[in-house]
Amino acid sequence: MRLSQFFLPTLKETPAEAQIASHRLMLRAGMVRQLSAGIYSWLPLGYRVLKKIEQIVREEQDAIGCNEVLMPTIQPAELWQESGRYEDYGLEMLRITDRHDRKMLFGPTNEEVITDIFRKDVRSYKQLPQMLYHIQWKFRDEIRPRFGVMRGREFLMKDAYSFDVDYESSRHAYNKMFLAYCRTFTRLGVKAIPMVADTGPIGGDLSHEFIILAETGESEVFCDKKWLDKDLTGRGVDLNDRTGLENWVQTTLEDYAATEDKHDPANSPISGDDMIATRGIEVGHIFHFGAKYSEPMGATILGPDGKEVPVQMGSYGIGVSRLVGALIEASHDENGIIWPESVAPYKVGLINLRTGDDECDAACEDVYAKLHNAGIEVLYDDRDIRAGGKFADMDLIGLPWQIVIGPKGLKAGVVELKNRKSGERIEVTLEAALNQIGA
Ligand code: 5CA
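As recorded in an unreviewed UniProt entry, the protein goes by Proline--tRNA ligase and comes from Thalassospira xianhensis MCCC 1A02616. Annotation of the protein in UniProt includes, under Subcellular location (unreviewed entry), the sentence "Cytoplasm". UniProt, in the comment section headed Catalytic activity (unreviewed entry), describes the protein in these words: "tRNA(Pro) + L-proline + ATP = L-prolyl-tRNA(Pro) + AMP + diphosphate".

On to the site of the ligand. By nearness alone, 22 residues border the ligand, and Thr109, Glu111, Arg140, Glu142 and Glu282 come closest of all. Here Arg322 contributes a side-chain N or O atom positioned 3.5 Å from a nitrogen atom of the ligand. Considered on its own, the ligand offers 600 Å² of accessible surface; in the complex 95% of this is hidden by protein. According to the grid-proximity analysis, the pocket containing the ligand is the largest pocket. The set of elements that each furnish at least two residues to the shell around the ligand consists of strand E8 (154–164), strand E12 (275–290) and strand E15 (312–319). Of all the elements, E12 adds the most residues to the shell around the ligand, at five residues.

This part covers empty space enclosed by the protein. Tallied over the entire structure, the rule returns one cavity of 30 Å³ or more. In this structure, the largest cavity spans a volume of roughly 60 Å³. Around the largest cavity sit Gly38, Tyr40, Trp42, Trp137, Val149, Gly152, Glu154, Phe155 and Ser321, which together line it. Residue assignment for the lining of the largest cavity shows that the elements contributing at least two residues are strand E2 (39–42) and E8. Split by residue class, the lining of the largest cavity holds five nonpolar, three polar and one charged.

Checked against the element boundaries, Lys158 lands in strand E8. Looking at Lys158, the relative accessible area reads 0%, which means it is buried. Put simply, Lys158 and Tyr316 are 158 residues apart on the chain and 7.9 Å apart in space, counted from C-alpha to C-alpha. Once residues within four sequence positions are removed from consideration, Lys158 is found in contact with Val57, Gln61, Tyr133, His134, Ile135, Met177, Tyr181, Tyr316, Gly317, Ile318 and Val320. Of the polar contacts made by the side chain of Lys158, one reaches the side chain of Tyr181; its length is 2.8 Å.

Quick look at the layout of surface pockets now. Space inside the largest pocket adds up to approximately 920 Å³. If you go around the largest pocket, you meet 43 residues; those closest to its centre are Arg140, Arg151, Glu282, His285 and Arg322. Going through the elements one at a time, E8, strand E11 (219–224), E12, E15 and helix H8 (320–330) are the ones with two or more residues in the lining of the largest pocket. With eight residues, E12 is the single largest residue contributor to the lining of the largest pocket. Partitioning the lining of the largest pocket into residue classes produces 14 nonpolar, 15 polar and 14 charged. Of the voids in this model, the second largest pocket is the one considered here, and its volume is about 350 Å³. If you trace the second largest pocket, you find 16 residues lining it, with Gly189, Ser331, Ile338, Pro340 and Lys421 closest to the centre.

Further remarks concern the pattern of salt bridges. The full count for this structure, using the stated rule, is 28 salt bridges. A salt bridge links Asp333 to Arg420, with the nearest nitrogen and oxygen atoms 2.8 Å apart. Taken as a pair, Asp333 in strand E16 (residues 332–333) and Arg420 in the loop between strand E21 (415–419) and strand E22 (425–428) lie far apart in primary sequence, 87 residues in all. Three or more residues are tied together by salt bridges with common partners; here these are Glu82, Asp116, Arg119 and Lys120.

Another aspect to go through is the domain arrangement of the protein. Many descriptions give the size of an interface as the accessible area lost when the pieces come together. Domain boundaries in the protein define domain 1 (3–337) and domain 2 (348–437). Taken residue by residue, the interface counts 16 residues in domain 1 and twelve residues in domain 2. Across the domain 1 to domain 2 interface the summed buried area is about 1,200 Å²; carbon plus sulfur atoms make up 55%. Of all residues in domain 1, Leu3, Asn335 and Ile337 give up the largest surface area on contact with domain 2, accounting jointly for 44% of the area buried on that side. Counting every contact that joins domain 1 to domain 2 gives three salt bridges. Among the ionic pairs, Lys52 bridges to Glu377, the shortest N-O distance being 2.4 Å. Counting across the domain 1 and domain 2 interface gives ten residue pairs in polar contact (both at pLDDT 80 or more). Those elements that place two or more of their residues in the side of domain 1 that touches domain 2 are helix H1 (21–28), helix H2 (44–63) and strand E17 (336–337). No other element matches the three residues that H2 contributes to the side of domain 1 that touches domain 2.

Below, the discussion takes up the sheet that holds strand E6 (residues 103–106). Pairing is antiparallel across the open sheet formed by three strands, whose spatial order is E4-E6-E5. The strands lining the two open edges of the sheet, one partner per strand, are strand E4 (74–76) and strand E5 (94–97). Across this sheet, the average inter-strand angle for adjacent strands is 35°, counted without regard to direction. Pairing analysis gives four bridges linking E5 to E6, with the strands arranged antiparallel.

Reading the values: the criteria
The residue numbers shown here count from 1 along each chain, following its written sequence. Only residues with pLDDT of at least 70 are given local features in this predicted model, and only at 80 or more are side-chain atom pairs given and counted; all residues enter the totals for whole chains, interfaces and linings. Only hydrogens and water are set aside when side-chain values are computed; all heavy atoms of the structure are taken into account. UniProt positions are given in the numbering used here, feature names are shortened, and annotations may be inferred rather than shown by experiment. Only a single heavy atom is needed: when it lies within 4 Å of a molecule or strand, its residue is near that molecule or strand. Two N or O atoms form a polar contact when they lie within 3.5 Å of each other; inside protein one atom must be a possible hydrogen donor and the other a possible acceptor, and for residues adjacent in sequence the pair counts only when both atoms belong to side chains. With residues, only the protein chains shown are counted as cover, and all accessible areas are computed by Shrake-Rupley using a 1.4 Å probe. Computed over the protein atoms alone on a 1 Å grid, cavities are sets of points where a 1.4 Å probe fits but cannot get out and pockets are open sets with protein on both sides within 12 Å along at least five of seven lines; a residue lines them when it has an atom within 4 Å of a point. Occupancy of a cavity or pocket is assigned to a molecule whenever over half of its atoms lie within 2 Å of that pocket's grid points. Numbering of helices and strands runs from the N terminus; a helix is a DSSP stretch of H or I covering at least four residues, while a strand is a stretch of E covering at least two. Grid points are joined across faces, edges and corners, and a volume is the space filled by probe spheres set on the points. When residues are grouped by polarity, Ala, Val, Leu, Ile, Met, Phe, Trp, Tyr, Cys and Pro land in nonpolar, Asp, Glu, Lys and Arg in charged, and all others, Gly among them, in polar. Per-residue accessibility, obtained with a 1.4 Å probe over protein chains only, is compared with the maximum for each type, and a residue is labelled buried under 20%, exposed over 50%, and partly exposed between these values. Any two residues whose heavy atoms approach within 4.5 Å at even a single point are treated as in contact. Whenever Lys or Arg places a side-chain nitrogen within 4 Å of a carboxyl oxygen from Asp or Glu, that contact is recorded as a salt bridge. All domain edges in this entry derive from an automatic or database-based domain assignment. Here the quantity called buried area is the total loss of accessible area, with a 1.4 Å probe, experienced by two parts when brought into contact, counted for both. Two strands are said to pair when DSSP picks up at least two bridges between them. To get an axis, fit a line to the C-alpha atoms, keeping to the stretch in contact for a helix; angles then go from 0 to 180 degrees between the N-to-C directions.

Take a look at the structure:
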């Protein structure tokens, strides 16, 4: 993509309304714009990151055999009256009346809808286990929407739902999802710590939150230093080995001191010196709630003994749009964002120091084409503006690599290659630069 044709409205000034770094940087880097309190439009740069995160989340759900569906945003109130949550949900639910005076709502989550889908088509334990997920916009009329997309009113969530014949199988589904979450966050380039959590309005007997450490987060975190080096990919854990997986989940939680009461360090088994007291951002939340919805909504199946039982369920959320802000909170400096490669909007920024100079233009076009042909995403700053502005914008938007091409370097047969994360700049031949970034 050529910057001269791209819609990238960057801001030099810090927007007054933004209290935390990620919000400031998302506005300054032209990633989002607020339409109304807690409701955002995603501009091209922000949307590319959102889609990349969504895709990693999708791949890791698919990898554990979860099936993607797409449910509507608008739901009928009757379903929530059946489950008993219509009144309980309170003012956070955006209630809508249609032209026939029917009560509708903009979905804050989908337990009721998925249970309805399930009960209409599944009758027997032979059709189980089953896992379904979708990635869809949700609306919660938060009392204090703040920090940009971090606590929005409209936000993108991945929500998955598991259906099993009995408690043990249902716990196995929960464990598979636990592993998928660890893998997802690792691929996103962040450390997300699983912690025992309250079940809140979703309900159930078991729940974990996944928290990214950041001083500006809304959750308090007391954790062991060891977490920072822990490999959470669960290599070698076999998905169908129930006991092996259960053990891995338990060891992961126990070794690293997930405590029932995360607000109370005194209850924690971590000793003083190893303890980090910090804050974090909840990017995922998983729940096991058994028959909480299937029972009142009549989602029953015939078990192996011919008896009808309510299906055992869990639900599993990831805040996809919140993650965009959370990743920035976890990785930025005074000049701007530092994207992990897996979600960077482009891998390489190509800076032409003298647009209009025949030699510079030709050299840049050549590199641009080479990167393109090698399948590497590149944003080419071909604008006719001062070099200082180009450097500032490129640091602000945080692409992992920068290739800088100017008249002096060309004479000497070199380009400058900058790594955004380490800040390291080297002068190398074009071939060496391309080689370094994998072209
Ligand atoms: N039904 C369950 C799991 S599918 C559920 O709704 N869980 S939740 O309420 O914890 O939300 C799941 C994730 O969505 C949270 O972990 C958080 O990352 C994200 N989320 C929740 N509220 C907001 C919000 N107001 N703005 C942005 N993201 C949010």
